Amino acid sequence: MPGAGKSTVGKSLAKALDFQFVDTDDEIVSRNGVGIPTIFEIEGEAGFRQRETAIIAELTSRAGIVMATGGGAILDSDNRNVLVARGVVVYLKADLDVLVQRTSRDAGKRKKRPLLDNTDVRKRLAELLATREPLYNEIAHITVNANQTNRSTFLRELVVEITRFMAVGDDDDQTANKINSKA
């Protein structure tokens, strides 16, 4: 979800694991030479999502990366399938109040989030959460509570959860491999 901390946590996690960090939104902007709002304006959300799916398919074929996707990447079944099959999916679960607070702190950044621009942020986030949360829960290998603010404690707990998950291995029974943490 917007404001869950995907980029912030992803960068810290990549550093802790000695992996490269890649943000799909940043990659789309870099490759297209225009911001996400411009892509939305010209091609609509559907055009943006097509670009996002192509980037995710490409990046998930790489080893040694921590990838942050946009919160809506989960809406595409191809993205869900690729993410589950090629990596460890971590759902940074944050309460609506936390998401509202975090996305409201930086009004300038909201312009980079077309789905939150010029709208009632709380209402829109609640709608997005209602649609997306079942999908996040469906594919998450690991779910962590992203409400806490102590980044170092959170990061340590996340690394432990990922290590546990990796030790369990990949079974055919994906549900048995889900690790839920109340970090």
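Quick note: structure is the one above.
Residues numbered from 1 in each chain as written. Predicted model: local features only at pLDDT ≥ 70, side-chain atom pairs only at ≥ 80, totals over all residues. Heavy atoms only, no water.

A. Expanded view of unusual backbone geometry. The backbone of Asp 18 sits at a positive phi, close to 60°, despite the residue not being glycine. As for its position among the elements, Asp 18 is in the loop between α1 (6–17) and β1 (20–23). Assessed through its relative accessible area of 70%, Asp 18 is described here as exposed. (Helix = DSSP H or I, 4+ residues; strand = E, 2+ residues; numbered from the N terminus. Buried < 20%, exposed > 50% of the residue type's maximum accessible area, 1.4 Å probe, protein only.)

B. Up close: the pattern of salt bridges. Counted according to the given criterion, the structure contains 11 salt bridges. When the shortest N-O distance is used, the salt bridge between Glu 43 and Arg 51 registers 2.5 Å. Owing to a relative accessible area of 27%, Arg 51 belongs among the partly exposed residues under this scheme. Arg 80 serves as the salt-bridge partner of Glu 138, at 3.8 Å between the closest nitrogen and oxygen. Of this pair, Glu 138 sits in helix α7 (residues 121–139) while Arg 80 sits in helix α4 (residues 77–86); the two residues are 58 residues apart in sequence, bridging distant segments of the chain. Residue classification places Glu 138 among the partly exposed residues on the basis of a relative accessible area of 44%. Ionic contacts of the salt-bridge type, sharing partners, join the residues Glu 27, Arg 31, Glu 58 and Arg 62 into one network. (Salt bridge = Lys/Arg side-chain N within 4 Å of Asp/Glu carboxyl O.)

C. Main features of the layout of surface pockets. Volume-wise, the second largest pocket comes out at about 1,000 Å³. Considering the residues around the second largest pocket, the lining is formed by 41 residues, among which Met 67, Gly 87, Val 88, Val 89 and Val 90 are closest to the centre. For the lining of the second largest pocket, the secondary structure elements donating two or more residues are α1, β2 (65–68), α4, β3 (90–93), α7 and α8 (151–168). With 5 residues, the single largest contributor to the lining of the second largest pocket is α1. (1 Å grid on protein atoms, 1.4 Å probe; cavity = no way out; pocket = protein on both sides within 12 Å on 5 of 7 lines; lining within 4 Å. Points joined across faces, edges and corners; volume = space filled by probe spheres on them.)

D. The arrangement of the environment of Leu 128 in detail. Topologically, Leu 128 is positioned in helix α7. The exposure class assigned to Leu 128 is buried, which follows from its relative accessible area of 7%. Contact partners of Leu 128, with chain neighbours within four places excluded, come to Met 1, Leu 116 and Glu 133. (Contact = heavy atoms within 4.5 Å.)

E. A look at the nonpolar core. Membership of the largest hydrophobic core comes to 37 residues, with the highest contact counts inside it found for Met 1, Leu 92, Leu 125 and Leu 158. Counting residues per element, this core draws most heavily on α7, which supplies 7 residues. (Core = buried A, V, L, I, M, F, W, Y, C linked by side-chain atoms within 4.5 Å.)

F. The arrangement of the packing of aromatic side chains in detail. The final tally for this structure, using the stated rule, is 2 aromatic pairs. Ring centres 5.2 Å apart and planes at 40° place the aromatic pair Phe 40 and Phe 48 in the tilted group. The residues Phe 40 and Phe 48 share a single accessibility class, namely buried. Summarising the aromatic geometry, the rings of Tyr 91 and Tyr 136 are spaced 4.8 Å apart at their centres and angled 35° between planes, so their arrangement reads as tilted. On the criterion of sequence distance, the pair formed by Tyr 91 in strand β3 and Tyr 136 in helix α7 is long-range, its members being 45 residues apart. Comparing Tyr 91 with Tyr 136 shows no difference in burial state: the two are buried. (Phe/Tyr/Trp six-rings, centres within 6.5 Å; stacked < 30°, edge-to-face > 60°.)

G. Structural detail: α1. Here α1 is 12 residues long and its end C-alpha atoms lie 16 Å apart, about the 16 Å a rise of 1.5 Å per residue gives. Among all positions of α1, only Val 9, Gly 10, Ser 12, Leu 13 and Ala 14 are buried. The inward-facing, buried residues of α1 contact β1, β2, β3 and α8. Among the residues trailing α1, Asp 18 stands out with phi positive, at a value near 60°. (Expected span 1.5 Å × (residues − 1).)

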